[in-house]
Amino acid sequence: MFALVSFSLPAMEVLIRENPDAGCILGAKIIARVVRDKPDAVLGLATGRTPLRLYQELIRLHREEGLDFSRVTTFNLDEYVGLPGTHDQSYRYFMDENLFRHINIDRNRTHVPDGTASDLHAECRGYEQRIADAGGIDIQLLGLGRNGHIGFNEPTGSLRSRTWIKILSEQTLRDNSEVFGSLEAMPKHALTMGIGTILDARRCLLLAFGPAKVRAVEHMIEGPLAAICPGSALQLHSRATIILDENSAAGLRYADHYRWIDKHKFEWQRIK
Ligand code: F6R
């Protein structure tokens, strides 16, 4: 039903909430709706600070409201090269700790690129194949880098890229190095779904909170479609929902317009 409403919405559906907490609860509601409507849904997932609260809410919905993940399949966006899933900074470990072991998902249906594969190119090709074999991604959850990256697709990477090996930018290394103790200890390479892979998802849901994301959010939503801001590629997607808080939305020229549209939606357009 939602797909029919694009006549009255901006390129992206922009939802501004008072704080990250409210934004994450809304995001969890959207994902829960997808799983309830399609119990064997394929979810694209992200790591990082942003979705943590959303995952907590999904765990709560599982425990208290019976949200069933037993037939769900997941594909994560990315993984560091060289880190095994047992490493506490690997994205596989992050997902196990922050979501998978708290819900009734079959671990064999959870996929994270293998950053320790002996042939990384084959791993990238295989990852694309596994997504295709699963029938494609129903909803892809995304965060946004301060430099506009989505997944680990750093500025100026091809907008048509498929799962590939990326060299991380200095900005990303600085942003993520805290948990590694030092910049030197951090992997400098990652495997990531490409922008083309992300755009193939039937729906995209991006969350970005806090003042550090203002410029990236502004470019992603209102700036030109350009490889310098990989997130701006979502302007091409027919069903991209962006959830912001007041801080990350502070630079948007059309913020009042997005609020207006959100407020005056038809009842059937609302996320329940
Ligand atoms: C994580 C990922 C990254 C993050 C982005 C924002 O899997 O793909 O693109 O979403 O770096 O990170 P946080 O949420 O830590 O600000």
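The paragraphs below set out a description of the structure included in this document. (Residues numbered from 1 in each chain as written. Predicted model: local features only at pLDDT ≥ 70, side-chain atom pairs only at ≥ 80, totals over all residues. Heavy atoms only, no water.)

Here we look at the packing of helix α1 (residues 20–37) against helix α2 (residues 52–65)
Then, in step 1: At a minimum axis distance of 8 Å, the contact between α1 and α2 shows a crossing angle of 50 degrees. As judged from the angle between their axes, α1 and α2 are oblique. Both α1 and α2 take part in a crossing whose hand is right-handed. On α2, the residues touching D21, C24, I25, G27, A28, I31, A32 and R36 of α1 are R53, L54, E57, L58, L61 and E65.
Then, in step 2: Residues that form the contact of α1 with α2 fall into these classes: 8 nonpolar, 1 polar and 5 charged. (Axes fitted to C-alpha atoms, helices over the stretch in contact; angles between N-to-C directions. Helix = DSSP H or I, 4+ residues; strand = E, 2+ residues; numbered from the N terminus. Parallel < 35°, antiparallel > 145°, perpendicular 65-115°, else oblique. Left-handed = near helix turned anticlockwise from the far one by under 90°. Contact = heavy atoms within 4.5 Å. Nonpolar A, V, L, I, M, F, W, Y, C, P; charged D, E, K, R; others polar.)

Re the site of the ligand
Then, in step 1: Near the ligand, the surroundings consist of 13 residues, among which T50, D78, H149, G151 and K213 are the closest.
Then, in step 2: With respect to the ligand, the side chain of R49 contributes an N or O atom lying 2.8 Å from an oxygen atom.
Then, in step 3: In the environment of the ligand, an oxygen atom lies 2.8 Å from a nitrogen or oxygen atom belonging to the side chain of K213.
Then, in step 4: For the ligand, the accessible surface in isolation is 410 Å², of which the surrounding protein chains cover 94%. (Near = heavy atom within 4 Å. Polar contact = N/O pair within 3.5 Å; in protein donor to acceptor, adjacent residues only side chain to side chain. Areas by Shrake-Rupley, 256 points an atom, 1.4 Å probe, with all protein chains shown as cover.)

Re the pairing of strand β9 (residues 204–208)
Then, in step 1: Where burial is concerned, most of β9 is hidden: 5 out of the 5 residues are buried.
Then, in step 2: Alternating residues of β9 divide into C204, L206 and A208 and L205 and L207, and every residue in both groups is buried.
Then, in step 3: Sheet topology note: the strand β6 (residues 139–142)/β9 ladder contains 3 bridges and is parallel. Bridging from a neighbouring strand, Q140 pairs with C204 of β9.
Then, in step 4: Inspection of the sheet shows β9 paired to strand β10 (residues 240–245) by 5 bridges, in the parallel sense. From the neighbouring strand, L207 faces β10, where its bridge partner is I243.
Then, in step 5: Note on the crossover from β9 through helix α7 (residues 214–222) to β10: the handedness is right-handed. (Buried < 20%, exposed > 50% of the residue type's maximum accessible area, 1.4 Å probe, protein only. Pairing = 2+ DSSP bridges. Right-handed = clockwise from strand over helix to strand, strands pointing away.)

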